[in-house]
Amino acid sequence: MTRKATITIDGKTIEVPIIKGSCGPDVLDISNFYQETGMFCYDPGFTSTASCASSITFINGDEGILLYRGYPIEDLVEKCDFLEVAYLLLYGELPDISQRESFEQSITHHSMLHEQLRTFFQGFRRDAHPMAVMVGVVGALSAFYHDNLDIYDPQQREVASHRLIAKMPTIAAMAYNYSRGCPLPYPQNRLTYAQNFLNMMFAVPSEPYQINPVIARAMDIIFILHADHEQNASTSTVRLAGSSQANPFACISSGIAALWGPAHGGANEAVLTMLKQIGSTKNISEFIERAKNKNDPFRLMGFGHRVYKNYDPRARIMRKACHDVLGQLNINDPLLEIALELERIALEDPYFIEKKLYPNVDFYSGIVFKALEIPPSMFTVIFSVARTVGWVAQWNEMMTDPAQKIGRPRQLYVGEKNRNFSKSK
Ligand code: CMC
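Rules used in this analysis
- Residues numbered from 1 in each chain as written.
- Predicted model: local features only at pLDDT ≥ 70, side-chain atom pairs only at ≥ 80, totals over all residues.
- Heavy atoms only, no water.
- Phe/Tyr/Trp six-rings, centres within 6.5 Å; stacked < 30°, edge-to-face > 60°.
- Helix = DSSP H or I, 4+ residues; strand = E, 2+ residues; numbered from the N terminus.
- Expected span 1.5 Å × (residues − 1).
- Contact = heavy atoms within 4.5 Å.
- Core = buried A, V, L, I, M, F, W, Y, C linked by side-chain atoms within 4.5 Å.
- Buried < 20%, exposed > 50% of the residue type's maximum accessible area, 1.4 Å probe, protein only.
- Salt bridge = Lys/Arg side-chain N within 4 Å of Asp/Glu carboxyl O.

1. Considerations on the packing of aromatic side chains
- Across all of its chains, the model carries 19 aromatic pairs by this definition.
- Seen in terms of ring centroids, Phe 82 and Tyr 193 are 5.0 Å apart; in terms of plane orientation they differ by 40°. Their pairing is tilted. Of the two residues, Phe 82 sits in helix α3 (residues 82-91) while Tyr 193 sits in helix α8 (residues 193-202), which places them 111 residues apart along the sequence.
- Ring geometry for Phe 287 and Phe 298: centres 5.6 Å apart, planes at 70°, overall edge-to-face.

See below:
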């Protein structure tokens with residue numbers, strides 16, 4: 001029997017069905033709420049709104065749990081590589097050997113860009129932020145794959161999804177090399193996804209580039225940790241854009257734009273800037289005080305999360321990866337010491353305890369990126385490469401959802417009422 005909540009407004013009582021998911025909070029089905037009450041629900045920032053039903057990723061923010069298709073993130077990081085996780089997110093199951101081989105084959109063979117796309121890069125200023133280049137070039141893919149794309153054909157959706165996952169590392173590495181005046185790279189089919197990305201980032205035609213397995217593994221972990229995170233700002237943007245039946249390449253470009261902001265994916269770059277600004281452990285308390293001061297816009301970057309009110313499980317893995325990578329590469333980075341001390345002090349501070357502010361995935365990722373010699377402007381770009389898997393998985397799920405309609409939120413209008421028109425003479 002369907003459970004129902006009763007809501008009484010101005011003496012009129014309505015029944016609202018309660019829907020149970022497989023885990024997580026129950027939801028009130030308010031899809032008929034306006035019809036029955038003539039009222040909208042007001043929820044700025046969607047803090048209490050489930051925008052869709054999804055079976056891809058589950059987060060329990062109070063307990064710090066993250067599952068991709070039911071598998072704990074810790075197990076996936078330990079036992080899988082990125083393409084296996086990508087397959088899992090897209091298709092719902094881990095691949096067997098032949099599924100893995102054909103998926104890898106497809107991703108590998110879609111990784112080159114149309115030669116004409118290479119000329120797009122020349123249009124950007126050399127000092128353009130690579131996220132601006134990503135938004136532009138990924139958006140431009142829609143011009144190359146539009147006329148013949150039927151988004152209602154599952155096979156064509158699959159090819160579009162594979163193309164996006166395959167081409168993102170190429171575009172990202174090209175954006176980086178363009179910014180430093182180096183030749184735009186080509187992918188190498190013999191390499192794994194992470195190795196290929198590193199090779200395109202750092203290899204130059206004039207000398208061989210040795211891929212360090214420690215760095216390739218760290219890159220793989222970073223890709224897995226960032227692959228999906230349910231209905232965050234960028235994923236919701238992709239879904240909203242896709243809900244109007246827009247071209248998927250253009251939808252992913254809109255997701256990249258949403259990811260760029262420092263409150264979302266841009267935080268990893270901001271964390272490194274902040275740690276450098278702090279400069280020494282003896283300055284930490286000054287920055288903690290600034291973060292607590294309501295009159296100061298400064299926030300502790302890499303701290304706090306809309307959903308996690310506990311330690312972000314990705315941050316825990318990243319913290320360990322940080323120790324491992326720096327240890328294996330024999331790097332002594334003073335920023336790690338500052339980060340560890342900053343975390344220790346913040347976690348003991350009543351302000352952070354009371355507001356349940358813990359390190360998030362971005363807190364340690366910047367230090368790992370730095371150890372891998374990835375420049376800060378590329379941090380969010382790498383996040384976007386990984387998150388493309390989640391975006392296309394969520395877009396595909398939306399396209400097959402019988403309940404899907406164009407996303408069209410309403411508003412609480414607080415502007416002028418109907419005014420008599422008069423023009424000043
Ligand atoms: N430093 C200081 N105070 C903070 C911080 C912080 N990093 N984060 C939240 N607060 C305070 C905030 O001032 C507010 O206080 P009050 O209730 O007194 O007004 C309270 O905690 C709740 O914060 P909120 O901004 O209302 O919470 P939100 O869920 O809207 O924002 C957030 C979440 C991630 C945008 C925010 O915590 C933040 O700006 N963190 C820093 C940026 C960051 O690290 N972003 C990466 C997020 S994880 C990667 C991703 O998924 O993209």
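After that view, the rundown keeps rolling.
2. What about helix α12 (residues 267-278)?
- Here α12 is 12 residues long and its end C-alpha atoms lie 16 Å apart, about the 16 Å a rise of 1.5 Å per residue gives.
- On its buried face, α12 is in contact with α13 (284-292), α15 (334-348), α17 (362-371) and α18 (379-399).

3. Examining the nonpolar core
- Judged by nonpolar contacts, the single largest core of 120 residues is most densely connected at Tyr 68, Phe 121, Phe 223, Leu 300 and Ile 374.
- Ranked by residues supplied to this core, first place goes to α18 with 13 residues.
- Dropping the residues within four chain positions of it, Leu 300 is found in contact with Met 274, Ile 288, Ala 291, Leu 342, Ala 346 and Phe 352.

4. Digging into the pattern of salt bridges
- Tallying each qualifying case throughout the model produces 20 salt bridges.
- A salt bridge links Arg 217 to Asp 220, with the shortest nitrogen-to-oxygen separation between them at 3.8 Å. Linking Arg 217 with Asp 220, this pair stays in helix α9 (residues 213-225), spanning 3 residues, or about one helical turn.
- On the basis of relative accessible area, Arg 217 is assigned to the partly exposed category, the value being 33%.
- One continuous salt-bridge network, built from bridges that share partners, spans Asp 81, Glu 84, Arg 100 and Glu 104.

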